[in-house]
Amino acid sequence: MDVGFRCPVILCLTLAVLASVLADLDDTLMGAPGSSVRLSENDPGLKKALKFAEERYNMGSNTMHVRRVSKILSASKQLVKGIRYSIMVELSNTQCKKAARLMTCDFYPEEHNLKTEVCVFEVWDIPWESKSTLLNQKCQPAVDPKPVETNKVEFLSLSTSKPVEETEDFVELLGQFKEFMVRYNRTYSSQEDTDRRLRIFHENLKTAEKLQSLDLGTAEYGVTKFSDLTEEEFRTLYLNPLLSQQKLQRSMKPAAMPHGPAPPSWDWREHGAVSPVKNQGMCGSCWAFSVTGNIEGQWFVKTGKLVSLSEQELVDCDTADQACGGGLPSNAYEAIEKLGGLETETDYSYTGKKQSCDFTTDKVTAYINSSVELSKDENGDIYLSNPTCFSLVVCPQFYRKGVSHPLKIFCNPWMIDHAVLLVGYGERQGKPFWAIKNSWGEDYGEQGYYYLYRGSRLCGINKMCSSAIVN
């Protein structure tokens, strides 16, 4: 992915984040061919794929005891000449020795004997051929967070009526939730809805704690403005399902090679090429924000003028993409070329919903001549050598600050679902990072930015990297 550093470019990344909680999904729902669909634990196909993965795992392991799935963390399927299952589970020891071949195998009652592992399985099933294949298996020991005492109360009400037994934990939880509601101006339609959001908030606190215990960087996870949303709600409202369908991408020519080494660190914000953080709202239009951010940087490099460009123009006028339903940067570049350019944010302001196309060539402020695909190498001199666009697994729902270094099994590159803008790289406290401009407002992460560990090809960051070209 080498592009000459003498012709700088800001990267428009399409970033996808693998969330760590499983949200129930109606088993009857199935997306278009190639799209990823979340599964419930009761899905018959999932049960079959899990049994197959368990069998292959036990056949290939050198453990004395049979291991079984003790918990399903997440599961999804895609239609790809069959059905490909992506499954993240916890596997634990049973009391059955492999040689015994018993029909029933119970888990060890003692925690220290379970020896739980977190595993990701990719299973390809072709039902009409009665054929299954284990495409991928990655496992590593589970790291348990500090034990948290279980609340003995049902989260029944935030009104003046008190629960039967108000423990200290519950009182603390209630205080956190009320503080969250005030800070993010949350109101709910009924007491029932409020109780439900409190339960979701509580589960999300435990998820954030789990992420914190497993992160290998310096990131801090906790309460964010998304803490009252389920994983499924978060994905539906803010992410971009089309990005995982890489076959839908328009083919682009490869970028040129760089002409010299890049500096050890670089930040386009310090050079005036990055506009303020924007907010896509509850609309899956991240693809439009990443592309306009890329072109804003390109235009600045060529003209010395930083202009905030219109995302709404793409939401309304790009007929190849699906507005708030998602889109691909490669399509957006082509749409901008056909339209003749982009208007400013002021002339064509963002509404966060699709409207009729109101574009006029008289108001074009910036244009592009073509677009290129970057190499899949992950080096600073490559990504930051020209204004560029990239894709990866989404910024974590509960990220607050610091350099995020999630385990690879929690950041599956097959699940790319968010587009962002790469604006720099460097090192903090010995941790190399990418500085990523998000489009969820300044109240996400570090003033709207997410910092991801650099050098391990995390979260599919090297999968979909592209840039507009301004001659």
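Calculation rules
Residues numbered from 1 in each chain as written. Predicted model: local features only at pLDDT ≥ 70, side-chain atom pairs only at ≥ 80, totals over all residues. Heavy atoms only, no water. Disulfide = S-S within 2.5 Å. Buried < 20%, exposed > 50% of the residue type's maximum accessible area, 1.4 Å probe, protein only. Helix = DSSP H or I, 4+ residues; strand = E, 2+ residues; numbered from the N terminus. Salt bridge = Lys/Arg side-chain N within 4 Å of Asp/Glu carboxyl O. Polar contact = N/O pair within 3.5 Å; in protein donor to acceptor, adjacent residues only side chain to side chain. Contact = heavy atoms within 4.5 Å.

Tallied over the entire structure, the rule returns 4 disulfides. Here Cys96 engages in a disulfide with Cys105; their sulfurs sit 2.2 Å apart. Here Cys96 and Cys105 share a disulfide; its torsion about the S-S bond, -115°, makes the bridge left-handed. Exposure class is identical for Cys96 and Cys105. Each is buried. In this model, Cys317 is linked to Cys357 through a disulfide, with the two sulfur atoms separated by 2.0 Å. Judged by the sign of its S-S torsion, about 95°, the cystine formed by Cys317 and Cys357 is right-handed. Of this pair, Cys317 sits in helix α7 (residues 312–317) while Cys357 sits in the loop between α8 (329–339) and β10 (370–373), and the two are 40 residues apart along the sequence. Residue Cys357 is classed as partly exposed on the basis of its relative accessible area of 41%. Free cysteine Cys286: the closest other cysteine sulfur is in Cys283, separated by 9.0 Å.

To continue, consider the pattern of salt bridges. Within this structure, the stated rule accounts for 19 salt bridges. Measuring nitrogen to oxygen at the nearest pair gives 2.8 Å for the salt bridge that ties Lys225 to Asp443. Of this pair, Lys225 sits in the loop between β7 (220–221) and α5 (231–238) while Asp443 sits in the loop between β15 (431–437) and β16 (449–453), and the two are 218 residues apart along the sequence. Residue class for Lys225 comes out buried when judged on its relative accessible area of 11%.

This brings us to the side chain of Thr292. The topology assignment puts Thr292 in helix α6 (residues 286–303). Within the local environment of Thr292, its side chain forms a polar contact with the side chain of Glu311, the two groups lying 2.8 Å apart.

Along the chain, the position of Tyr348 falls in the loop between α8 and β10. A relative accessible area of 6% means that Tyr348 is categorised as buried. Once the C-alpha coordinates of Tyr348 and Asp358 are considered, the two residues, 10 residues apart in sequence, prove to be 8.0 Å apart. Beyond its immediate stretch of four places on either side in the chain, Tyr348 contacts Ser310, Gln312, Glu313, Asp316, Cys317, Glu343, Ser356, Cys357, Asp358 and Phe359. Among the polar contacts made by the side chain of Tyr348, one reaches the main-chain amide nitrogen of Asp358 at a distance of 2.9 Å.

Honestly, it's all geometry; don't read function into it.
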